[in-house]
Amino acid sequence: MSVFDDLVGQDEAVAALRGAAEAAAGRGGTSMTHSWLFTGPPGSGRSEAARAFAAALQCPDGGCGHCPSCHQVLTGTHADVLYVRPSGLSFGVERTRELVLQAAARPASGRYRVVLFEDADRATEAASNALLKAVEEPSPRTVWLLCTPTAEDMLVTIRSRCRLVRLRTPSTAAVVRALVEQDGMEESAAAEAARAAAGRLDRARLLAADAEARERRAEVLALPARLDGTGACVWAAARLYELAEAEAKAVTGALDETERSEIKAAFGEGGTGKGVAKAVRGAAGALKDLEERQKRRATRIKRDTYDTALTELVLFYRDVLALQMGAPVELSTGSVRGDLERVARGSSPESTLRRIDAVMECRRRIDANVHPQIALEAMTASLFEG
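This write-up is about the structure you can find in this document. Here the structure is a predicted model, which is why all the values come from computation and not from measurement.

Scanning the protein for helices and strands turns up 15 helices and five strands. Based on the C-alpha atoms only, the size of the protein along its principal axes is roughly 65 × 60 × 45 Å. Put simply, the protein has 386 residues, and 46% of those count as buried. Considering only contacts within the protein whose residues lie at least 6 apart along the sequence, 69% involve residues at least 24 apart. In the protein, the 51 positive side-chain charges and the 53 negative ones have mean positions that sit 4 Å from each other.

In structure tokens form, the structure reads like this:
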């Protein structure tokens, strides 16, 4: 067993990371680099790869997967690994400067002080400039692990100073194998979930385990065949909006309440004794800061939820195009093959490409802060027009 076992279909990246970890442990291999850039499409496991590498760097055996150090890194409790995941749509310069100062501290117990920065592309321009200095001249025992969808998402001056680790979307066969071997799933159920997830292991696991997620996906995939007029377009946009909002609320609701309860308990709410009342009053400021962070996180989760639904639509039209062109490819949305065939017969490959463009444009508009329902209505109208 090793910390790299969960990196499905990433043999080349795993070999590079394993070699670097062995070099860091003094057993030869590739030369050690203090700044790394992990790239790959959604579901490729770039953050998981960075976390596994962080564990391997701290582990005396290069990532055995079962020692206390590996366990602490993988569960997010290691004292010398800083985990950064922007809760909002951007990561500001002040927070980046604080992070740089924290990263420069000497390791408390591990070999390195490791900064695992997920979604580093969310750093603002000023924050990226602040990050550049740290990446350019890191402390001797500091390692930066930056994660972004593509290298181009980062400043050229940053990416030129990082060793690049490219991850790819795993094959369906690799995802099926992981679900069967790691999750004990029946092969037929694993194959169905893997096809639906289009290579995303995390998505496959969610669809296999969560009936509500499967129902939401089925409803999204049923929308294209129902777009038979202006009224249907407005209804479809409203329904997509409702589905995304409901899913985001379900995700954030439990997290928000848990965090509020933990802060109140930390400030002594419900306790008795001298000073408790003053401490409880002091919790007001902490709760206000928490609410701001939760609002930013909720906005991000909503964006991610819309993106998931729109990705499903792209997969639907990609499969329509495959049928129109007679391409012998695996259909991710084969569960609605009847709808795929009807849409394929009633349109041309050119109109299908325009529809894919319309969905991608909707993603860009939502990312640019256009109100989601307005962007969705424009998209469904374009899908109807073809």
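Of all five residues making up strand β1 (residues 35–39), five are buried, and the element is well covered by its neighbours. Taken together, the four bridges between β1 and strand β5 (residues 163–166) define a ladder with parallel strand orientation. Bridged to Phe38 within β5 is Val165.

The tally for this structure, following the rule as stated, stands at 20 salt bridges. Its salt-bridge partner being Glu137, residue Lys133 comes within 3.5 Å of it at the nearest N-O pair. Classification of Glu137 by relative accessible area gives exposed; the value is 53%. As a salt-bridge pair, Arg365 and Glu361 come within 3.3 Å of each other at their nearest N and O atoms. Residue Arg365 and its partner Glu361 are both found in helix α14 (residues 349–367); the two are separated by four residues, about one turn of the helix.

Attention now goes to the side chain of Asp319. Within the fold, Asp319 resides in helix α12 (residues 276–325). Separated by 3.0 Å, the side chains of Asp319 and Arg318 make a polar contact. Those residues within four positions of Asp319 in sequence are excluded, and the remaining contacts are Glu330, Leu331, Ser332, Thr333, Gly334 and Leu340.

This part covers helix α13 (residues 337–345). Of all the residues in α13, the buried ones are Asp339, Leu340, Val343 and Ala344. Buried residues of α13 fall within an arc of 130° about the axis and therefore sit on the same side.

Mapping Asp80 onto the fold places it in the loop between α3 (68–75) and β2 (81–84). Its relative accessible area of 0% is what places Asp80 among the buried residues. Side-chain polar atoms of Asp80 contact the backbone nitrogen of Ser109, separated by 2.8 Å. In contact with Asp80, not counting residues within four places along its chain, are Gln58, Arg106, Pro107, Ala108, Ser109, Gly110, Tyr112, Arg113 and Val114.

Let us now look at the packing of helix α8 (residues 187–197) against helix α9 (residues 201–209). Packing of α8 against α9 brings their axes to within 8 Å, and their N-to-C directions diverge by 125°. Here α8 lies oblique to α9, going by the angle between them. Judged by the twist between their axes, the crossing of α8 over α9 is right-handed. Listed contacts from α9 to Ala193, Ala194, Ala196 and Ala197 of α8 are Arg203, Ala204, Leu207 and Ala208. In terms of residue class, the contact of α8 with α9 is made up of seven nonpolar, no polar and one charged.

Right, let's get into the packing of aromatic side chains. Evaluation of the coordinates by the stated rule reveals five aromatic pairs. Between the aromatic rings of Tyr241 and Tyr306, the centroid separation amounts to 6.3 Å while the plane-to-plane angle is 20°, which identifies the pairing as stacked. Residue Tyr241 is found in helix α11 (residues 230–266), and its partner Tyr306 is found in helix α12; the two are separated by 65 residues along the sequence. An aromatic cluster is present here, built from Trp36, Phe38 and Phe53 joined pairwise through their rings.

So, how was this worked out
- Residues numbered from 1 in each chain as written.
- Predicted model: local features only at pLDDT ≥ 70, side-chain atom pairs only at ≥ 80, totals over all residues.
- Heavy atoms only, no water.
- Helix = DSSP H or I, 4+ residues; strand = E, 2+ residues; numbered from the N terminus.
- Buried < 20%, exposed > 50% of the residue type's maximum accessible area, 1.4 Å probe, protein only.
- Contact = heavy atoms within 4.5 Å.
- Lys, Arg positive; Asp, Glu negative; His and termini not counted.
- Charge placed at Lys NZ, Arg CZ, Asp CG, Glu CD.
- Pairing = 2+ DSSP bridges.
- Salt bridge = Lys/Arg side-chain N within 4 Å of Asp/Glu carboxyl O.
- Polar contact = N/O pair within 3.5 Å; in protein donor to acceptor, adjacent residues only side chain to side chain.
- Arc of directions from axis to C-beta.
- Axes fitted to C-alpha atoms, helices over the stretch in contact; angles between N-to-C directions.
- Parallel < 35°, antiparallel > 145°, perpendicular 65-115°, else oblique.
- Left-handed = near helix turned anticlockwise from the far one by under 90°.
- Nonpolar A, V, L, I, M, F, W, Y, C, P; charged D, E, K, R; others polar.
- Phe/Tyr/Trp six-rings, centres within 6.5 Å; stacked < 30°, edge-to-face > 60°.

These values are about where atoms sit, not about what they do.
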